[in-house]
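Report on the structure
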Amino acid sequence: MSIVTLQLGQCGNQIGQEVFNVISGDIHGTHGLCSKKENESYRDACKERFFSEEESEVPVARAVLVDMEPKVISQTLSVAARSGCWKYNDGSHFCQKQGSGNNWANGYSVHGPRHKEAIMELVQKEAEKCDRLGGFFTIMSMAGGTGSGLGAFVTQCLRDAFPTSFILNHVIWPYGTGEVIVQNYNSVLTLSHLYQSSDALLVHENDAIHKICAQLMNIKQISFRDVNQVIAHQLGGVFQPIYTAESASHYSRNPLGDLMETLVPHPEFKMLGLRNIPQMPEKSLAYSTFSWPALLKHLRQMLIANAKMEEGIDWQVKPPCLGSSTNKPLHFNTSIANLLILRGKDVHSVDLGSFQDPSLYTSWLSPQDAFNSWKTPRAFNKYEKSASLLSNSQSLLKPLNSVVGKAWNMFASKAYIHQYSKFGVEEEDFLDSFTILEQVISSYTTL
């Protein structure tokens, strides 16, 4: 099945382009470490999923690009075309001359309704090109105006127009120190609206990715492109073809549906986090060897101690003893569901027992239902062995609490509210959003 990607706003377009770059580089790479037949079926599954073959020999990304300013989209189109390996469809982008001024209400209440018809027509055209539409993958930031406000509006339109398709929103969580003074307002409004129309939210935190660039990739002066490339690598590790537990003989036919089925057992819990191991500069790969037991030992501790990378993990955090009446240990990250994706050499001999430990999970799901693993012997993006862990867990509670708290403090003193009310977003709308997110926080806290 095919996935249609929607790149929304500056952040969404820049990350989207890096994602297609990673996917294209991976399928053209000679580092598959598997049989020719295996490599061909992997390549075919990937092309069907992300690209359409048109008259030209160059694969065309199944994507719609939307921004309220033309600059980033024109850069994105030309960089893709210059690669020679893939390109965007000439007619699948929409942009205007004026931005959303970092105002969620402007994107949601003004640009959204005004341009709904034009944007949804592009989406419809892209969906009709798919033999079988698996769903939509939207990429957007929470902090600005277009990605967040227009992104929330477009997600609602997708839900109305395609009620049975899966929608996964990839959301970039802003730096804690702040890029935009009203980013916490924008974030609260975005998350609360997405929670009502999306099937799941896959979150990357800028602060965590920045740390990976500095400490694991050894980059001295970190640019947005560096951050976006790490995010794209992590996403590629999830979305490239893989054998699910049920389909050991053919690649997953319905990637988004399979993800939702394994990770979102209840509509109250739809916040997903992603961890990936190993991560290092390309020049170091030739000198590194990895064993599955060591990789998975680190990945499991990253999960329970809520660490985003393998350096600086708190090894003191241990799962609670089963049946003990005492509270769970401080800093322990309880999971609802985990999906472990393994790619590369010797994947079928890996022991995954440590991830099936019942003490990692909430009491209302058995480990058999809460844990799934997908595997392929085909290596990904030059890594001989790599593992991705998608988790529905408490890991986003701290940043969510922080954003809601900061937004509430501003709201209590009525700071900047007039900037939103002039575009039709009133105090009651803010209160509704706070109520929705307080409920989400409460649900995850009580796991």
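See the structure shown above.
What you see is a predicted model; the values in this text were computed from it and never measured.

1. Some points on the packing of aromatic side chains
Geometry of an aromatic ring pair is reported as the spacing of the ring centres plus the angle between the planes. Applying the stated rule across the entire model yields 22 aromatic pairs. Residues F355 and F371 carry aromatic rings whose centres are separated by 5.7 Å and whose planes lie at 15 degrees to one another, so their mutual orientation is stacked. You can see F355 sitting in the loop between β11 (335-344) and α12 (367-370) and its partner F371 sitting in strand β12 (residues 371-376), a full 16 residues away along the chain. Among the aromatic residues, those joined into a ring-pair cluster are Y185, W408, F411, Y420, F430 and F434. Taking the ring centre of Y195 as reference, the NZ or CZ of K270 above it sits at 5.4 Å. A cation over a ring is seen here: R343 above F380, with NZ or CZ 5.9 Å from the ring centre.

2. Concerning the environment of A387
Summarising the element assignment, A387 is placed in strand β13 (residues 385-393). Accessibility expressed as a relative area gives 0% for A387, which makes it buried. Taking C-alpha positions, A387 is 17 Å from P255, a pair spaced 132 residues apart along the chain.

3. Quick look at the pairing of strand β4 (residues 63-67)
Counting buried residues in β4 gives five out of five residues, a clear majority hidden from the surface. Every second residue of β4 is oriented toward a common face, with A63, L65 and D67 on one face and V64 and V66 on the other, all of them buried. Both strand β1 (residues 2-8) and β4 contribute to a ladder of four bridges, which runs parallel. Within the sheet, the bridge partner assigned to L8 lies in β4 and is V66. One ladder, built from three bridges, connects β4 with strand β6 (residues 93-95); its direction is parallel.

4. Section: the side chain of Q234
With respect to the secondary-structure elements, Q234 resides in helix α8 (residues 224-239). Within the structure, the side chain of Q234 is placed 2.8 Å from the side chain of H204, a separation counted as a polar contact. Once residues lying within four places of it in the same chain are set aside, the contact partners of Q234 are H204, I209, I212, L274, N276 and Q279.

5. A few points about the sheet that holds strand β3 (residues 60-61)
Here we have three strands laid out as an open sheet, ordered β2-β3-β5, and mixed in their pairing. Each of the sheet's edge strands pairs with one partner strand only, and the pair in question is β2 (51-52) and β5 (87-88). By the bridge criterion, two bridges tie β3 to β5 in an arrangement that is parallel. Paired with A61 across the bridge in β5 is Y88.

Reading the values: the criteria
- Residues numbered from 1 in each chain as written.
- Predicted model: local features only at pLDDT ≥ 70, side-chain atom pairs only at ≥ 80, totals over all residues.
- Heavy atoms only, no water.
- Phe/Tyr/Trp six-rings, centres within 6.5 Å; stacked < 30°, edge-to-face > 60°.
- Helix = DSSP H or I, 4+ residues; strand = E, 2+ residues; numbered from the N terminus.
- Lys NZ or Arg CZ within 6 Å of the ring centre and 35° of its normal.
- Buried < 20%, exposed > 50% of the residue type's maximum accessible area, 1.4 Å probe, protein only.
- Pairing = 2+ DSSP bridges.
- Polar contact = N/O pair within 3.5 Å; in protein donor to acceptor, adjacent residues only side chain to side chain.
- Contact = heavy atoms within 4.5 Å.

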